[in-house]
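# Topology and contacts: notes
Listed here are the chains, written in short residue letters.
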Amino acid sequence: MYLKKIALFNYKNFDEASFQFDSKINCFVGKNGIGKTNVLDAIYHLAYGKSYFNPLAVQNIKHGEEFFVIDAELEKNERNEQIVCSLKKGQKKILKRNGKAYDKFSDHIGFIPLVIISPADRDLIVEGSETRRKFMDSVICQLDAPYLQQLIQYQKIIVQRNALLKYFALNHVFDNDTLSIYNEQLNVLGKAVFEKRKNFIAEFIPIFNKHHQSITGNNETVQVVYESSLFEKELLTLLQENIGKDRALQYTSVGIHKDDLLFEIDAHPIKKFGSQGQQKSFLIALKLAQFEFLKKQSGVKPILLFDDIFDKLDESRVAKIVEMVNTDTFGQLFISDTHPERTETIVKSTHQSYKIFNL
C-alpha cells in the first residue's frame, strides 16, 4: 500500500498545493512554520478522519476561508483508491472513499494503517490518563471495528448515566431501577473493552521491550503496565459499590474510562525519573512497537510519518531508524526536517528511492 498523491485546498496554511509521492521515502524540508508538519497532518487526517495536532476541526480551515478539502489517491491491494476529506464551516465533516461518503467515520478507521512519530508524542508521558487511553484505543481500533463501536456506545451510556446522577442531585430524588439499567449496559460493554485492552497489552509489551532494548542497548529496565479497576472486580460490582460516591460527585467514578497505562523506568514513573533522552527512547520504542503490531496483525506495512524527529534525536537513534529502513522493515515513509542537507544525507544512506519537497 502506498499514497500516490495528495491535493490540499485551504488546509491550514495552504491555499492550494499538490504532491506526487515516491513509493518509499518522501521528505518535506524548509524553515519552521512553512507547513511541513501540516502536510503530514493532512496524511494523518486521511487515515483517522481528524487532525493529530488540532482536535478542533474548524481550526484546520485556512484563516479567512470557509472550507478545506484533502483529496488523495492511494494504491492498496493492487487497487487504486480515492479518499477525500472535507469540511465547510457550520456543517459536518465529510469523508468519502471512491466518491461514496461514509455514514460513520468509524467505518473508515483501519483502512489506511498509519503511525506518526512526533515531538508532540511527549504528551503521552506528561499528560493525563486520557491521552494514554487514546493511544491504546487508536491501535486496537485500526484492527477491530467492533471495538470502536463498543467504545462509542460505552461513552454514550456514561454521558446518560452522568446526566441522571446530576438530575438526582438537582431534584433530590433517586431511582435505583433506572440506574441499574445503565449499570448493566456498562458492565457488558466495559467487560468487552477491558478484555480487548488486556489482550492487546499482553501482545504489545514484548514488541515494545524488543524495540526499547535495541534502541538503548539493553541498558535500562522499563515497563508498560495496564492499570484498570476491572482487574479487581467486575464493573457491575464496582458501580454498585461506588453509588454513594457517584451521587456525591454527580459523575461515574469507576469504569474503563478511568483506565491508564503506567510508563515506568526502574519501577518509577518515567515522567518524574526519566531523563529527556530516556523519555525519547521510550516514546520511539512505543511508536515502533505500534508500527510492528499493526503490520503483524493487518499484513500491511503502515504508512509512517516522522515529524521533525531528526532534529530531536542523537546520531545513534537516527542510525537505528536508518538501519530499519535498510532492512525493508518500513513501507512508505514521510519525513519533515528543517535541514535539507542533513535529510538528504540520511535518506541517501538508506539506498532506497526518495523524493525531497522543498517548501
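Above this note sits the structure.
Okay, so let's go over this structure. The model shown is predicted, which means the values in this text are computed figures rather than measured ones. (Residues numbered from 1 in each chain as written. Predicted model: local features only at pLDDT ≥ 70, side-chain atom pairs only at ≥ 80, totals over all residues. Heavy atoms only, no water.)

## Brief notes about the overall build of the chain
- Secondary structure assignment for the chain yields 11 helices and 14 strands.
- Over its C-alpha trace the chain gives a radius of gyration of 22 Å, about what one expects of a compact globule, namely 21 Å for 359 residues.
- Here the C-alpha coordinates of the chain stretch approximately 70 × 50 × 35 Å along the principal axes.
- The burial tally for the chain puts 50% of its 359 residues in the buried class.
- Across the chain, contacts joining residues at least 24 apart in sequence account for 72% of those joining residues at least 6 apart.
- With 47 positive and 45 negative side-chain charges, the chain shows a separation of 3 Å between the mean positions of the two kinds. (Helix = DSSP H or I, 4+ residues; strand = E, 2+ residues; numbered from the N terminus. Rg over C-alpha atoms; globule rule 2.2 N^0.38 Å. Buried < 20%, exposed > 50% of the residue type's maximum accessible area, 1.4 Å probe, protein only. Contact = heavy atoms within 4.5 Å. Lys, Arg positive; Asp, Glu negative; His and termini not counted. Charge placed at Lys NZ, Arg CZ, Asp CG, Glu CD.)

## Brief notes about helix α1 (residues 36-48)
- Given a rise of 1.5 Å per residue, 13 residues ought to cover 18 Å, and the 19 Å separating the end C-alpha atoms of α1 matches this to within 8%.
- Most of α1 is tucked away: 12 of the 13 residues are buried.
- Every buried residue of α1 is accounted for by Lys36, Asn38, Val39, Leu40, Asp41, Ala42, Ile43, Tyr44, His45, Leu46, Ala47 and Tyr48.
- Two residues or fewer after α1 comes Gly49, characterised by a positive phi angle close to 75°. (Expected span 1.5 Å × (residues − 1).)

## Some points on the sheet that holds strand β13 (residues 333-337)
- Strands sit in the order β8-β12-β13-β3-β14 across an open sheet of 5 strands; the sheet is parallel. Looking at strand neighbours, the two that pair on one side only are β8 (114-117) and β14 (354-358), the edges of this open sheet. Sheet twist, expressed as the mean angle between neighbouring strand axes with direction ignored, is 15°.
- Looking at chain direction, strand β3 (residues 25-29) and β14 are connected through 5 bridges and run parallel. Of the residues in β14, the one forming a bridge with Phe28 is Phe357.
- In this fold helix α9 (residues 276-298) packs onto β8 and β12 (303-307), with an angle of close to 170° to the strand it touches most, β8. (Pairing = 2+ DSSP bridges. Axes fitted to C-alpha atoms, helices over the stretch in contact; angles between N-to-C directions.)

## Focus: the nonpolar core
- With 71 residues, the main nonpolar core has Phe208, Phe263, Leu286, Phe306 and Phe330 as its most contacted residues.
- Residue contributions to this core peak at 12 residues, all from helix α5 (residues 176-216).
- Setting aside its immediate chain neighbours within four residues, Phe306 contacts Leu40, Ile117, Ile321, Phe330, Leu333, Phe334, Ile335 and Ser336.
- Core analysis: the next-biggest nonpolar cluster, separate from the first, contains 35 residues, Leu8, Leu46, Leu74 and Phe357 among them. (Core = buried A, V, L, I, M, F, W, Y, C linked by side-chain atoms within 4.5 Å.)

## As for the pattern of salt bridges
- Applying the stated criterion across every chain, the model contains 17 salt bridges.
- A salt bridge links Glu195 to Lys198; its shortest N-O distance comes to 3.4 Å. In this pair, Glu195 and Lys198 are both assigned in helix α5, 3 residues apart and thus about one turn of the helix distant.
- Salt bridges sharing common partners tie together Lys4, Lys5, Glu73 and Glu75. (Salt bridge = Lys/Arg side-chain N within 4 Å of Asp/Glu carboxyl O.)

## Details of the layout of surface pockets
- By volume, the largest pocket amounts to about 1600 Å³.
- Lining the largest pocket are 43 residues, with Tyr44, Lys50, Glu130, Lys134 and Ser138 positioned closest to its centre.
- For the lining of the largest pocket, the secondary-structure elements that each account for two or more residues are α1, β8, α2 (123-126), α3 (129-141), α4 (145-171) and α9.
- Ranked by residue count, the leading element in the lining of the largest pocket is α3, at 8 residues.
- When grouped by side-chain class, the residues that make up the lining of the largest pocket number 21 nonpolar, 11 polar and 11 charged. (1 Å grid on protein atoms, 1.4 Å probe; cavity = no way out; pocket = protein on both sides within 12 Å on 5 of 7 lines; lining within 4 Å. Points joined across faces, edges and corners; volume = space filled by probe spheres on them. Nonpolar A, V, L, I, M, F, W, Y, C, P; charged D, E, K, R; others polar.)

## Notes on the pairing of β13
- Among the 5 residues that make up β13, 5 are buried, leaving the element largely enclosed by the rest of the structure.
- With burial as the criterion, each face of β13 is covered, one bearing Leu333, Ile335 and Asp337 and the other bearing Phe334 and Ser336.
- Strand direction decides the pairing type here: β3 and β13, joined by 5 bridges, are parallel. Across the sheet, the residue bridging to Asn26 is Phe334, located in β13.
- With 4 bridges joining them, β12 and β13 adopt parallel strand pairing. Looking at the pairing, Asp307 lines up with Ser336 of β13.

## Here we look at α3
- With 13 residues, α3 should cover 18 Å at 1.5 Å per step; its first-to-last C-alpha distance of 18 Å lies within 8% of that length.
- Among all positions in α3, only Arg132, Arg133, Phe135, Met136, Asp137, Ser138, Val139, Ile140 and Cys141 are buried.

## Some points on the environment of Pro206
- Among the secondary structure elements, Pro206 is positioned in helix α5.
- Residues Pro206 and Lys24, 182 residues apart in the sequence, show an inter-C-alpha distance of 28 Å.

## Topic: the packing of aromatic side chains
- Applying the stated criterion across every chain yields a total of 24 aromatic pairs.
- Taking 6.2 Å as the distance between ring centres and 75° as the angle between the ring planes, the aromatic pair formed by Phe306 and Phe330 counts as edge-to-face. Placement of Phe306 in strand β12 and of Phe330 in the loop between α10 (315-326) and β13 is noted, with a sequence separation of 24 residues between them. Both residues of the pair, Phe306 and Phe330, belong to the buried class.
- An aromatic cluster of at least three residues, connected via ring pairs, comprises Phe14, Phe19, Phe21, Phe28, Phe334 and Phe357.
- For the cation-ring pair, Lys76 lies above Phe111, with the distance from its terminal atom to the ring centre recorded as 4.4 Å. (Phe/Tyr/Trp six-rings, centres within 6.5 Å; stacked < 30°, edge-to-face > 60°. Lys NZ or Arg CZ within 6 Å of the ring centre and 35° of its normal.)

Everything listed here is a matter of coordinates, which is why it stays silent on function.
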